[in-house]
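Chain residues, written in single-letter form:
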Amino acid sequence: MDDERTPSDLRARGGLKWNYFPDDVLAAWVAEMDFGLAPAVADALSAAVQRGDTGYHYPAIERRAAESACSFWTDRFGWEVSTDQVFAAPDVVEGIRRVIVHLTAPDSPVVLHTPVYHPFFSMVERAGRQLVEVPCRPGPDGRYQLDLDGIERALVDGAGSIVLCNPWNPVGRSLTSEEVVRVVEIAAAHSARVIADEVHAPLIPSGGGHVVAASVDAETVITVTSASKAWNLPGLKCAQVVLTGDGDVEVWADYFTPEKVGVGTFGLIANAAAYAGGRDWLDAVILRLEANRSLVGGLIEAHLPDVGFSPPEATYLAWLDFRSYGIDDPAAYLLDHARVALTEGRPFGLGGQGHARLNFATTAPIVTELFERMAAALEAIA
């Protein structure tokens, strides 16, 4: 994790983040990190190539990935589940889609607490369900709060599930125990399901805590997660669907016979290696992100004091409010005028207009230049 890595170096490495826009653009958009690959993961993938392990996935590697994941969850979160409750899926979004289709009330609407990870919107559509947005807003301290009353109203009106994004992309919240418990209680009271996206949970800062929703009510909650975000493995297509309800396991196993799983062998190998052997690397990344989180706060205070910002408690994403500048789409403006690529806020749902998401999982010099460029571009309309 070398701070001397330049944008040219990162483009040469590959990946969507640095190879989508022209070379003069600084990339801070899609959720890829710029910290390289954990040695344990690199070694495992290299060994697989050397032995020619490039065929379809197979039971032994599925078990290895599940065992490594369960061990990690127990050690980091105090959450104990059996490997027989862990099932592979190609990625978190597809895993959630499958859960909606197979494990929620037929034809029931799905609740999203917005702003939230934008691929969820098309995911609900592809699941053949109606979407109910429950817009959430910052509280007096600037931290986004779940609209628990709005969530309950949606479930009373017939929604059969809520996708709970915790840690919360894009706003960076790590939900409190009280918040998680209340969402689960509301869902259980209305015979609905909580589908917990916990993919960013391994990135909780040191000293923080993560409340696994399924630890509150194993029957109500279905967990979908992966090593993909914390170890930068999204291109390897592997996630875990954790079914802590006994009836769910039976339904899932009956339908998802091996030819329907669709997970990549390299994804399973990489996830197993990350969970088992990539913990020291992850700890170093978390420290790096903590430093960058502080750096972002200082740069906003120094260069962009009119931008609304609440320091993220988790993830490597900053949710920035540019509405004081009168810009509906700040990502488009900054791409044109600062040559900085952020993610547009509007696709994240109600409340996203005038906002943009910034990925700060990169080197400190690049983070600094991002804000210097944005400040210079916004001076003209301040």
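Just so it is clear, the structure is predicted and the values come from calculations on it, not from any experiment.

About the cut-offs
- Going along each chain's sequence as written, the residues are numbered from 1 onward.
- Where local features are concerned, this predicted model is filtered to residues with pLDDT of at least 70; where side-chain atom pairs are given and counted, the filter is 80 or more; whole-chain, interface and lining totals use all residues.
- Side-chain figures throughout are based on the complete set of non-hydrogen atoms in the structure, without hydrogens or water.
- The term salt bridge refers to a pairing of a side-chain nitrogen on Lys or Arg with a carboxyl oxygen on Asp or Glu at a separation within 4 Å.
- Runs of H or I in DSSP of at least four residues are treated as helices and runs of E of at least two as strands, each being numbered from the N terminus.
- In short, DSSP must find at least two bridges between two strands for them to pair.
- Lines fitted to C-alpha atoms define the axes, with helix axes restricted to the stretch in contact, and inter-axis angles between N-to-C directions lie between 0 and 180 degrees.
- The hand of a helix crossing depends on one turn: near helix anticlockwise from the far one by less than a right angle means left-handed, and clockwise means right-handed.
- Contacts are assigned to residue pairs with any non-hydrogen atoms lying within 4.5 Å of each other.
- In the scheme used here, Gly and all other residues not listed as nonpolar or charged are polar, with Ala, Val, Leu, Ile, Met, Phe, Trp, Tyr, Cys and Pro taken as nonpolar and Asp, Glu, Lys and Arg as charged.
- Only Phe, Tyr and Trp rings take part, Trp by its six-membered ring, and two of them pair if their centres are within 6.5 Å. Stacked means planes under 30 degrees apart, edge-to-face means over 60, and tilted covers everything else.
- Relative accessibility under 20% of the residue-type maximum defines a buried residue, over 50% an exposed one, and the middle range a partly exposed one, all with a 1.4 Å probe and only protein chains included.
- Geometrically, a lysine NZ or arginine CZ counts as sitting over a ring once it is within 6 Å of the ring centre and also within 35 degrees of the ring normal.
- Nine residue types can take part in a nonpolar core, namely buried Ala, Val, Leu, Ile, Met, Phe, Trp, Tyr and Cys, and a core is a set of them joined through side-chain atoms within 4.5 Å.
- The term disulfide is used for any two cysteine sulfur atoms that are within 2.5 Å.
- To estimate how far a helix should extend, the number of its residues minus one is multiplied by 1.5 Å.
- Crossovers are described as right-handed under a simple rule: with the strands pointing away from the observer, the path leading from the first strand over the helix to the second runs clockwise.

## Some points on the pattern of salt bridges
Next, step 1: Taken as a whole and judged by the stated rule, the model has 21 salt bridges.
Next, step 2: Between Arg182 and Glu185 there is a salt bridge; the shortest N-O distance is 3.5 Å. Remark: Glu185 and Arg182 occur in helix H8 (residues 177-189); sequence separation between them is 3 residues, near one turn of the helix.
Next, step 3: Glu369 is paired through a salt bridge with Arg373; the nearest N and O atoms lie 3.0 Å apart. With a gap of 4 residues between them, Glu369 and Arg373 both fall in helix H13 (residues 364-378), about one helical turn apart.
Next, step 4: Within this structure, Asp141, Arg143, Arg173, Glu179 and Glu313 form a network of salt bridges that share partners.

## Things to note about the sheet that holds strand S10 (residues 239-243)
Next, step 1: Strands sit in the order S2-S10-S9-S8-S7-S3-S4 across an open sheet of 7 strands; the sheet is mixed. One side of each edge strand has no neighbouring strand; the edge strands of this open sheet are strand S2 (86-89) and strand S4 (131-135). Neighbour-to-neighbour, the strand axes of the sheet open up by a mean angle of 25 degrees, direction not taken into account.
Next, step 2: Where strand S9 (residues 221-225) and S10 come together, 4 bridges link them in antiparallel fashion. Its bridge partner being in S10, Val224 is matched across the sheet by Val241.

## A closer look at the environment of Pro311
Next, step 1: Looking at the element boundaries, Pro311 is found in the loop between helix H11 (279-303) and strand S11 (317-321).
Next, step 2: Put simply, Pro311 and Gly297 are 14 residues apart on the chain and 6.7 Å apart in space, counted from C-alpha to C-alpha.

## Examining the packing of helix H3 (residues 39-51) against helix H10 (residues 265-277)
Next, step 1: Relative to each other, H3 and H10 sit at 145 degrees, their axes nearing to 8 Å. Every pair of crossing elements has a handedness; the one defined by H3 and H10 is right-handed. On H10, the residues that touch Ala40, Val41, Ala44, Leu45, Ala48, Val49 and Arg51 of H3 are Phe266, Ile269, Ala270, Ala273, Ala274 and Gly277.
Next, step 2: For the contact of H3 with H10, the residue count by class is 11 nonpolar, 1 polar and 1 charged.

## Considering the packing of aromatic side chains
Next, step 1: Enumeration over the complete set of coordinates arrives at 14 aromatic pairs.
Next, step 2: Ring geometry for Tyr117 versus Phe120: centroids 5.3 Å apart, planes at 90 degrees, classification edge-to-face.
Next, step 3: By relative accessible area, which is 21% here, Tyr117 ends up partly exposed.
Next, step 4: Looking at Phe120, the relative accessible area reads 0%, which means it is buried.
Next, step 5: Taken together, the ring pairs connect Phe72, Trp73, Phe77, Trp79, Trp231 and Tyr275 into an aromatic cluster.
Next, step 6: Taking NZ or CZ as reference, Lys260 lies 3.9 Å from the ring centre of Tyr255, over its face.

## Regarding the nonpolar core
Next, step 1: In terms of nonpolar packing, the biggest core is built from 136 residues, with Trp73, Trp231, Phe322, Leu342 and Phe371 touching the most fellow members.
Next, step 2: Setting aside anything within four residues of it in sequence, one finds Phe371 in contact with Val296, Leu299, Ile300, His303, Leu304 and Leu358.

## Overview of the state of the cysteines
Next, step 1: One pass over the structure, following the stated rule, counts 0 disulfides.
Next, step 2: Between Cys165, a free cysteine, and Cys136, which holds the nearest cysteine sulfur, the sulfur-to-sulfur gap is 11 Å.
Next, step 3: Here Cys238 is not cross-linked by a disulfide; its sulfur's nearest cysteine counterpart is in Cys70, at 13 Å.
Next, step 4: On the basis of relative accessibility, which here comes to 5%, the residue Cys238 falls in the buried class.

## So, helix H4 (residues 59-77)
Next, step 1: Look at H4: 26 Å from first C-alpha to last across 19 residues, which is about the 27 Å you get at 1.5 Å a residue.
Next, step 2: Within H4, the full set of buried residues consists of Ile61, Ala65, Ala66, Ser68, Ala69, Cys70, Phe72, Trp73 and Phe77.
Next, step 3: Structurally, H4 contributes buried residues whose contacts are with S2, S9, S10, H10 and H11.
Next, step 4: Gly78 lies just past H4 and shows a positive phi near 70 degrees.

## Comments concerning the packing of helix H5 (residues 92-103) against helix H6 (residues 119-126)
Next, step 1: The N-to-C vectors of H5 and H6 enclose an angle of 35 degrees; their axes lie 9 Å apart at closest approach. In this structure, H5 crosses over H6, and the sense of that crossing is right-handed. The segment H5 lies against H6, with Val93, Glu94, Ile96, Arg97 and Ile100 engaging Pro119, Phe120, Met123 and Arg126.
Next, step 2: Residues that form the contact of H5 with H6 fall into these classes: 6 nonpolar, no polar and 3 charged.

## Observations regarding the sheet that holds strand S13 (residues 343-344)
Next, step 1: The strand order across the open sheet formed by 3 strands is S11-S14-S13, and the pairing between neighbours is antiparallel. Bordering the open sheet on either side are S11 and S13, each of which pairs with just one other strand.
Next, step 2: For S13 and strand S14 (residues 355-359), the ladder comprises 2 bridges, and the chain directions are antiparallel. Bridged to Thr343 within S14 is Arg357.

## With respect to the side chain of Asp248
Next, step 1: With respect to the helices and strands, Asp248 occurs in helix H9 (residues 246-255).
Next, step 2: A residue is classified by how much of its surface remains accessible, and Asp248, at 9% relative accessible area, is buried.
Next, step 3: Setting aside residues up to four positions removed in sequence, Asp248 forms contacts with Leu103, Arg193, Ile222 and Leu243.

## Examining the pairing of S4
Next, step 1: Here strand S3 (residues 110-114) runs beside S4; their pairing, made up of 5 bridges, is parallel. Bridge assignment links Leu112 to a residue of S4, and that residue is Glu133.
Next, step 2: For the crossover that starts at S3, traverses H6 and ends in the parallel S4, the hand is right-handed.

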